[in-house]
Amino acid sequence: MSSGHRLRDVEQQRPLLDGEEEAVESFHSEAKQLWFIQDCCGMVCAFITWFLVFFADFVVTFVMLLPSRSFWYAVVNGVVFNSLAVLALASHLRTMLTDPGAVPKGNATKKYMESLQLKPGEVIYKCPKCCSIKPERAHHCSICKRCIRKMDHHCPWVNNCVGEKNQRFFVLFTMYIAMISGHALALCGYQFITCVKVQWRECSDFSPPVTMMLMIFLCMEALLFLTFTAVMFSTQVHSICNDETEIERLKNEKPTWERQTRWAGLRSVFGGQPSLMWISPFAGLKLQTFLPRRTWKGGAEFSV
């Protein structure tokens, strides 16, 4: 790199030149790969999330709906609850297994610098932790060990960063979890009233103590998850509408980019004009994304 070009190892950065981000993407060009973070805490949290959803589904289906005397009450609520649960788990998978916008590792090489055709005195910024040229609004994640474009935060419950490419799925995950939590609370309230009226006889296939214990655990779980995910959902929507990530807000970073309008921000995250595809975690899913292509890779993540 010529002396007229300057490379700085700092966390705050200005926008790359036009075309530089495309050059970054083409660096070490690789086939599309499955993203997965090898973090013990994150994997345990993800397992707990799935376990709690299956627990809620078990209690709702086998404790409250199947013993119900009303056929249509059981069918309608069963279809709604299980459909929302599938959408929630699908959104969780898409959030966890989607590259959040990682910048390629180690692209801050002399050869690559020369290919950028920088002007004399032009300053670009390199992350000293992963030796990557940092695009505007990228931040380094110590867990993913990568710089992530428009990184909002790292969420252990999805075992991944929430960034430019998977924020949409995270928003859907929090929305669907909040919906099934509210639905479970409503069903628990109705079931409790029904069981009290019949003095806990014939209101469940389980014994009254077991039924009560399962319903109490479900109510506690649903109330906790409803509160947490409702707050996260509203926070995410607010960040998208204001075109500001959580990290940028906490660091009180002054925007060096042109802020998008609310609708432009929503369209950039969810894609295109408002439609049912906005609330579908299956939109854009391609089978080849999950077909084996590569073997185990070292580092914070592996790809197949």
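Just so we're clear, the structure is a prediction, and the values are computed from it rather than from any experiment.

How should a nonpolar patch on the surface be read in this particular structure?
A surface patch of nonpolar side chains, amounting to about 810 Å² of accessible area, comprises Phe58, Phe62, Leu66, Phe206, Val210, Met213, Ile216, Phe217 and Met220. Elements supplying a minimum of two residues to the nonpolar patch: α2 (40-65) and α6 (208-242). Ranked by the residues each element gives to the nonpolar patch, the list is headed by α6, at 5 residues. Topologically, valine 210 is positioned in helix α6.

Would you explain the state of the cysteines in this entry?
Here, disulfide denotes a covalent bond that connects the sulfur atoms of two cysteines. Applying the stated criterion to the full structure yields 1 disulfide. Here cysteine 195 engages in a disulfide with cysteine 203; their sulfurs sit 2.3 Å apart. In this structure, the disulfide formed by cysteine 195 and cysteine 203 twists by about 100° around the S-S bond and is classed as right-handed. For cysteine 203, a relative accessible area of 8% corresponds to the buried category. Counting only cysteine sulfurs, cysteine 188 is the nearest neighbor of cysteine 219, a cysteine outside any disulfide, at a range of 3.6 Å.

Scoring rules and cut-offs
- Residues numbered from 1 in each chain as written.
- Predicted model: local features only at pLDDT ≥ 70, side-chain atom pairs only at ≥ 80, totals over all residues.
- Heavy atoms only, no water.
- Patch = residues over 30% accessible without salt bridge, like charges linked within 9 Å, V, L, I, M, F, W, Y side chains within 5 Å.
- Areas by Shrake-Rupley, 256 points an atom, 1.4 Å probe, with all protein chains shown as cover.
- Salt bridge = Lys/Arg side-chain N within 4 Å of Asp/Glu carboxyl O.
- Helix = DSSP H or I, 4+ residues; strand = E, 2+ residues; numbered from the N terminus.
- Disulfide = S-S within 2.5 Å.
- Buried < 20%, exposed > 50% of the residue type's maximum accessible area, 1.4 Å probe, protein only.

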